[in-house]
Amino acid sequence: MPRINSPAELEELRKDILSKRDPNKPCITLCSGTACHASGSDEVAASIGEEIKKQGLSGKVDFRKTGCHGFCERGPIVVIHPEGICYLQIEPKDVPEIISQTIKGKKVIERLLYTDPNTNEKIIHESDIPFYKNQERLVFGSNGEIDPASIDDYLALGGYSALTKALSQMTPEQVLEEVKKSNLRGRGGGGFPAGRKWEECRNASDEIKYVIVNADEGDPGAYMDRSLLEGNPHSVLEGLIIGAYAIGSHEGYIYVRQEYPLAVGNVDIAIQQAQGYGLLGKDILGSGFDFTVKVHRGAGAFVSGESSALMTALEGKVGEPRPKYIHTAIKGVWDRPSNLNNVETWATVPLIINKGADWFRGIGTEGSKGTKIFSLVGKVNNTGLVEVPMGMTLREIIFNIGGGIRDGKKFKAVQTGGPSGGVIPEKYIDLPIDFDELTRAGSMMGSGGMIVMDEDTCMVDTARYFLNFLADESCGKCIPCREGIKQMLDILTDITEGRGEKGDIELLEEVAAMVKDFSLCALGTTAPNPVLSTLKYFRDEYVAHIEQKRCPAYVCKELVSYYIDPKKCQACMICLRQCPVGAISGGKNQIHVIDQAKCTKCNTCFEVCPPRFSAVRRLSGEPVPPPVKDRVLVRRKG
Amino acid sequence: MVNLTIDGKSVTAEEGTYILQVAQANNIDIPTLCYHPALEPFGACRLCTVEITSRGRKRLVTSCNYPVEEGLEVSTNSEAVIKGRRMILELLLARCPNVPLIQELAKSYGIKKPRFKLEDDNCILCGLCARICEERMGVSAISFSGRGLERKIDTPFHIHSEICQGCGACAFVCPTGAIKLEDITDKKPRPIFSEFNVGLSPRSAIYVPFPQAVPKVPVIDREACIHFLTGNCRTCENFCQAGAINYDQEDEIIEADVDAIILASGFDLYDPSVLEEYGYGKIKNVITAMQYERMISASGPTEGQLQRPSDGKTPKKLAFIQCVGSRDTHYKLYCSSVCCMHATKEAILANEHYPDLKAFIFYTDMRAVGKRFQEYVARAEQEYKVTYIRSRPSKITENPDNGNPIVWYEETTARTRTSMEVDMVVLCQAMIPSGSIKDISDMLHLSLNDYQFVNIPDRLFHPVDTEIPGIFACGFCQAPQDIPDSVVQASAAAARAAEFLSRKD
Amino acid sequence: MTTEEISRIDKIIDKYEGEEGILIQLLLDIQQELNWIPKEVAERISQRLNIPQSQIYRVASFYTAMSLTPRGRHLVSVCMGTACHIRGSPRLLDRITDVLKIQPGETSPDRRFTLNTVNCLGCCALGPVMVVDGKYHGKLAPAEAEEVLKNYD
């Protein structure tokens, strides 16, 4: 790879790359992020490679494995360029047809297209699909067009032009001012103004400073950073180098959780290639600015994603949080000034430099500028990663983009902010996405996890789930978090298992108040949020669990019984055969009965009973009727 | 220097110090569990949390690691603080309900029974043990392991440590007694025995030799101090508020031109273990008179309780053996002169402490020559249940069932050979001129007599003059004598020296 | 450890010699290589890199990616992320623990399987998900889990 020594040389190279690319040449892109990988995109890729050869098209068709497209519900996704035809949920068996029909025959295969659930209309182009149409994919959009293992792809899209602008046309102070002006707030959860943090770090007196990318994305249900890092690692690198320039740092770290091997791999490749071009290392683009970056893997601890804990982990020690009364921007890694930002925050920087702070401020609300990537998951129809401007309402995201609640169920709440956040019920579903609005409602923006819940979700169980997660992940150093979360979890477990007592809620609130104020780090201080917010909006569910031993959502196993309605059972034997513990007795003409002593509440019978019978009922808070004496079936007519 | 207020009180402090340090320096009490002046603040127990108002905002912060700033307002006991502390203690008590320290702390905040399920742990995970091992001792034999509720203190791989130096610092700083040295290492700690208490109690490497020491300042025993042995620790430095500890201090050799010298080098105690027949060092309940003195002393290691070494029981029958090593052709020929009287005194003291106690003094001759000494001896016999037996016991054996020493002797008046089982034996050991006497006398060209005491050529008319004019000797270094006699001789030597000096002029 | 194993370990240690803050990275590589962190390896690292054994043990016991006991031949991970949770992963986990007869964090006595839970694999669209040896099994009903696991010896 030729070393690029100046902005002019970079433009030369870019022109050269573009000249070698024919925009009209057919190109198949296949989403190869981890989620699509899990859906089998590797096999599809192999199939595509084979078919291209088999059908004699080698060299005539480009094949590009790209990063995550975001519409994870419908992956693997294939987009045929230049037409922009988007095929969803592709399996290897679809590939020969795609090659022969669409590539060669220029014909669209209808059955592989997206079908609008309301109009039944077939949609050809990715951008017309409602899931995408309502998004503003400024940061995430390039994922679908580049092969993360190819720096040339990134350059072809204009990559590293922001870096050039910063290094050759702006002073570090000017870069800092631009980021400050943009009011970019951290995308990792804290929402702290990035420019201010950069400034504090810049002003700290020390020769050696560090910039850090926090890719330890630990919130369960959130995987935006992974997809960004896997799919467009250069965007993050570019932002990092620009930030380092503004702050005066020459050494950077990218801390990636080891559960993201593809992201680790792609970042390593990206760094190597950037080094090869001289975009990392000494005298970048002839500017005199030096910068190197190292990748550091996490090892399976959520708490190590906390900024001071992460910095301790970078020192090779156990990643436990430290007191932050002296900001890490002043004393961080090895006690040197360190600036840590989230992956998405760094990836937004090149856009701000290229298009200007004013452009960025034109998007979003007063207090929250720009766009944010969310992982929209749970009980929605269209599960995936979405990027929307701040200010869009929750309703628009969940319904217009997410396609509403799956299986025709009713929306109950949306959980944001992961284990540090809270639930937002229906009455606030028109809340705009904004750091401060969400915090005011008792939740928080968090890193972007957005978990949609329906009527079948138990809020008490949800609170218990989060506390269980935090109890596992707590480092255990400070008493409030270690002992407080344990006792809150104990109380919640008792409540969900039918041992709730009067006074439990009040005790829960008392412990929560102390944990909130006295914990050492944000894991502890935000740990009570799921409990407090579910109590705020769904207190009645708690009361039902405690006083009536009833779980309104039929989730808490100990409070739920399964009962086959003898009037509806048609003795089809389906549930009897599927019951994993043989708890159902009956026969071809004998009404089925569940042996309550054997039943493990696995829910299988409820799921497999044919909808036209719907004979299996879930009971909670009431005793199970005794089995009927006469079990001879009287078949229904019709 | 910055100005701040704590609980309404205006104080000043150096920039960079922590609120807790400033509070302690101003006698304001803030509870802590994981704080230690010689260790980096840990911020784990959160008990030291205080409420501060800084730049108009109220916040709850831990005082052990929050640096003071100009204009800071601190409240150590606001409602929010007390409420939180109470909950922390309630949670801690649920974890460690049987640890006295936690019970007391919780009680002081009004908590008797936690509203939570009880565990039965005694480690509060304050980390003091692991931190002192790493930060101060530089050993890192133990550390935290696991996380969350699995967090605990352990040796690597839960096996006995090979690098543990057996210093016991971890057990010493542990506030609850959860750390047991035998869990960490196979090594048995070797306590440092207090010389002043004749091995009856341990002392630390930095210690004040005895309450009447001159000067009365602590001294570091270089052979036992971890810092001098390994280069680490220096914990004491962090506690001395006067900054008086100087590890680099060396002996000063002072050269002075003098015209007269008074030698008063005193005595040492003869080690009676050479008299193997008496079993000292082998039979637990045979002790020396000096050990007895420390035991019976109200300021001694047992606070004046007689507790015999083998089982701590109070002896009912006490035997004193006189002339152990003195007036003995095998050991010291001379009489040490004070033992008959100090034994009598000791026997009287024993009976005063324990009216049922009977003492038996096995003597050769009763040297009760001083003023009213004979009456003292008579009183001992008549009022204090002391029996004088004229005999020099031949041996002492041990009753294996109960550790009682058995004294074998001949009743010289009745000419019978018999034995007496007692609870404890006190050996009145010989006294010898202090060990330095040989070197000093060589240095000063003084000769020693046959008994190794400094030679006094003319005892009658010049009782404190040595062979060399201008050098005087007083006290035990020149002859066995008791306190009154030594004091008289000291005055005499001082007077002689003054006389000598004035004549020189 | 055999001399062959020691030289494999030494090669990995060589990569990091002279660098600071590398303990976690080193242990991750060792875990990858040996499937656990034996005591002897910790001793070797301590010898060569002058890091106290207690620190090595502390790091290895803190992180879930490292194991102080040998892991099974097949690693079964069940995602317990929020999205999977509300799609029924607890029931899936129950079934799997019944079938394998071990709890999360444990290895079966015949060293066939190690079961653990992870908090979000990031394929929420496929929830609930079970991963065996890197192969993802999505939208898994509890009843299907046994069938899948039968295929692994």
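Residues numbered from 1 in each chain as written. Chains lettered and ligands numbered in written order. Predicted model: local features only at pLDDT ≥ 70, side-chain atom pairs only at ≥ 80, totals over all residues. Heavy atoms only, no water.

### Re the overall build of chain A
Each helix and strand in chain A was counted, giving 24 helices and 19 strands. A globule of 638 residues ought to have a C-alpha radius of gyration of about 26 Å, and chain A, at 27 Å, matches this closely. Viewed in the frame of its principal axes, chain A has a C-alpha envelope of about 90 × 65 × 40 Å. Look at the contacts in chain A between residues 6 or more apart in sequence, and 71% of them connect residues 24 or more apart. Split by element, the accessible area of chain A, about 23,400 Å² in all, is 49% carbon and sulfur. Of the charged side chains in chain A, 77 are positive and 83 negative, and the gap between their average positions amounts to 5 Å. (Helix = DSSP H or I, 4+ residues; strand = E, 2+ residues; numbered from the N terminus. Rg over C-alpha atoms; globule rule 2.2 N^0.38 Å. Contact = heavy atoms within 4.5 Å. Areas by Shrake-Rupley, 256 points an atom, 1.4 Å probe, with all protein chains shown as cover. Lys, Arg positive; Asp, Glu negative; His and termini not counted. Charge placed at Lys NZ, Arg CZ, Asp CG, Glu CD.)

### A word on the nonpolar core
One finds Tyr160, Phe291 and Ile398 of chain A to be the most contacted residues of the largest nonpolar core, which totals 131 residues. If you tally residues by element for this core, the top one is helix 11 (residues 233–247) of chain A, at nine residues. Ignoring anything within four residues of it in the chain, the contact list for Phe291 of chain A reads Val211, Leu240, Ile241, Ala244, Ser249, His250, Glu251, Gly252, Leu280, Gly281 and Ile284 of chain A. Grouped together as the second largest cluster of nonpolar side chains are 127 residues, Ala463 of chain A, Met87 of chain B together with Tyr16 and Ile56 of chain C included. (Core = buried A, V, L, I, M, F, W, Y, C linked by side-chain atoms within 4.5 Å. Buried < 20%, exposed > 50% of the residue type's maximum accessible area, 1.4 Å probe, protein only.)

### Some remarks on the sheet that holds strand 2 (residues 113–118) of chain C
Residue and element names in this part refer to chain C. The mixed open sheet is built from four strands, whose spatial order is 2-1-3-4. Edge positions in the sheet fall to strand 2 and strand 4 (135–137), since each has one partner strand and no second. Strand-to-strand, the axes of this sheet are offset by a mean angle of 20°, without reference to chain direction. Helix-sheet contacts for helix 6 (residues 89–100) involve strand 1 (74–79), strand 2 and strand 3 (130–132), and the interaxial angle to strand 2 is about 165°. Contacting strand 1, strand 2, strand 3 and strand 4, helix 7 (residues 142–150) crosses the sheet at an angle of about 5° to strand 3. (Pairing = 2+ DSSP bridges. Axes fitted to C-alpha atoms, helices over the stretch in contact; angles between N-to-C directions.)

### Describing the interface of chain C and chain B
With 14 residues of chain C in contact, the opposing surface of chain B contributes 15 residues. Around 1,200 Å² of area is buried between chain C and chain B when both sides are counted, 65% of it from carbon and sulfur atoms. For the chain C face of the interface with chain B, the top three residues by lost area are Ser54, Tyr57 and Arg58 of chain C, together amounting to 48%. For the pair chain C and chain B, the interface holds zero salt bridges. At the boundary of chain C and chain B, one finds four residue pairs in polar contact (both at pLDDT 80 or more). Looking at the side of chain C that touches chain B, the elements that each hand over two or more residues are helix 3 (39–49) and helix 4 (53–62) of chain C. Top element by residues in the side of chain C that touches chain B is helix 4 of chain C. It accounts for six residues. (Buried area = accessible area lost by both parts, 1.4 Å probe. Salt bridge = Lys/Arg side-chain N within 4 Å of Asp/Glu carboxyl O. Polar contact = N/O pair within 3.5 Å; in protein donor to acceptor, adjacent residues only side chain to side chain.)

### Section: the packing of helix 11 of chain A against helix 14 (residues 343–355) of chain A
Residues and elements named next belong to chain A. Where helix 11 meets helix 14, the closest approach of the two axes is 7 Å, and the angle between their N-to-C directions is 75°. With respect to helix 14, the axis of helix 11 lies roughly perpendicular. Residue-level inspection shows Ser235, Val236, Glu238, Gly239, Leu240, Ile242 and Gly243 of helix 11 in contact with helix 14, the latter providing Val343, Trp346, Ala347, Val349, Pro350 and Ile353. For the contact of helix 11 with helix 14, the class distribution of residues is nine nonpolar, three polar and one charged. (Parallel < 35°, antiparallel > 145°, perpendicular 65-115°, else oblique. Nonpolar A, V, L, I, M, F, W, Y, C, P; charged D, E, K, R; others polar.)

### Focus: the sheet that holds strand 2 (residues 62–66) of chain A
Residues and elements named next belong to chain A. Read from one edge of the open sheet, four strands run 2-1-3-4, paired in mixed fashion. Strands at the two margins of the open sheet, each flanked by one partner only, are strand 2 and strand 4 (85–87). In this sheet, adjacent strand axes meet at a mean angle of 20° when their direction is disregarded. Examined bridge by bridge, strand 1 (residues 27–31) and strand 3 (residues 78–81) share four bridges and lie antiparallel to one another. Bridge pairing in strand 3 places Thr29 opposite Val79. Each of strand 1 and strand 2 touches helix 3 (residues 41–54); the most contacted strand, strand 1, lies at about 165° to it.

### Quick word on the pattern of salt bridges
Applying the stated criterion across every chain, the model contains 74 salt bridges over all chains. In this structure, the salt-bridge partner of Lys379 of chain A is Asp454 of chain A, at a minimum N-O distance of 3.2 Å. Remark: Asp454 of chain A occurs in strand 15 (residues 449–454) and Lys379 of chain A occurs in the loop between strand 11 (371–378) and strand 12 (384–389); sequence separation between them is 75 residues. Of the two residues, Lys379 of chain A and Asp454 of chain A, neither departs from the other in class, the shared state being buried. For Arg372 of chain B, the salt bridge is made with Glu375 of chain B, and the minimal N-O distance between the two is 3.4 Å. Look at Arg372 of chain B and you get exposed, because its relative accessible area is 59%.

### A short note on unusual backbone geometry
For the bond from Gly75 of chain A to Pro76 of chain A, the omega torsion is -5°, close enough to zero to count as cis. Looking along the chain, the bond that leaves His81 of chain A and enters Pro82 of chain A is cis, with omega of 5°. A positive phi angle, near 55°, is found at Ala571 of chain A, a position not held by glycine. Counting through the fold element by element, Ala571 of chain A comes out in the loop between strand 16 (560–564) and helix 23 (574–578). Positioned with a positive phi, Lys385 of chain B is a non-glycine residue whose angle comes to about 55°. Its location among the elements puts Lys385 of chain B in the loop between helix 11 (373–383) and strand 15 (386–390).

### Here's the deal with the interface of chain C and chain A
On the side of chain A, 59 residues touch chain C, which itself brings 38 residues to the contact. Around 3,700 Å² of area is buried between chain C and chain A when both sides are counted, 55% of it from carbon and sulfur atoms. Counting the surface chain C buries against chain A, the share from its top three residues, Thr82, Ile86 and Arg91 of chain C, is 18%. For the interface between chain C and chain A, the tally reads five salt bridges. Put simply, Glu320 of chain A and Arg58 of chain C hold a salt bridge, and the shortest N to O gap is 2.9 Å.

### Quick notes on the domain arrangement of chain B
How large an interface is tends to be reported as the accessible area lost when its parts come together. Annotation of chain B at the domain level lists domain 1 (2–77), domain 2 (128–184), domain 3 (268–432) and domain 4 (433–504). Summarising the inter-unit geometry, the C-alpha centres of domain 1 of chain B and domain 3 of chain B are found 59 Å apart. (Domains from an automatic or database assignment.)

### Side note on helix 11 of chain A
At 3.6 residues per turn, the α-helix brings residues three or four places apart onto the same side. The end-to-end C-alpha distance of helix 11 of chain A, which contains 15 residues, comes to 21 Å, matching closely the 21 Å that a straight helix rising 1.5 Å per residue would cover. By the criterion of burial, helix 11 of chain A is predominantly enclosed, with 15 of the 15 residues buried. (Expected span 1.5 Å × (residues − 1).)

### Comments concerning the packing of aromatic side chains
Under the definition given, this model contains 29 aromatic pairs over all chains. On the basis of an interplanar angle of 50° and a centroid distance of 6.1 Å, the ring pair of Phe71 of chain A and Tyr114 of chain A is categorised as tilted. One end of the pair, Phe71 of chain A, is in the loop between strand 2 and strand 3; the other, Tyr114 of chain A, is in strand 5 (residues 114–115), and 43 residues separate them in sequence. Both residues of the pair, Phe71 of chain A and Tyr114 of chain A, belong to the buried class. An aromatic cluster of at least three residues, connected via ring pairs, comprises Phe267, Tyr334, Tyr451, Phe453 and Phe476 of chain B. Of note, Lys477 of chain A hangs over the ring of Phe42 of chain B, and the distance from its end group to the ring centre comes to 4.4 Å. Sitting over the face of the ring of Trp408 of chain B, Lys395 of chain B holds its NZ or CZ atom 5.4 Å from the ring centroid. (Phe/Tyr/Trp six-rings, centres within 6.5 Å; stacked < 30°, edge-to-face > 60°. Lys NZ or Arg CZ within 6 Å of the ring centre and 35° of its normal.)

### A short note on helix 2 (residues 23–34) of chain C
An ideal rise of 1.5 Å per residue puts 16 Å on 12 residues; helix 2 of chain C measures up with 16 Å between its terminal C-alpha atoms. Listed in full, the buried residues belonging to helix 2 of chain C are Leu23, Ile24, Gln25, Leu26, Leu27, Leu28, Asp29, Ile30, Gln31 and Leu34 of chain C. Considering only its buried residues, helix 2 of chain C is in contact with strand 9 (292–297) and helix 13 (307–314) of chain A together with helix 1 (3–16), helix 3 and helix 4 of chain C.

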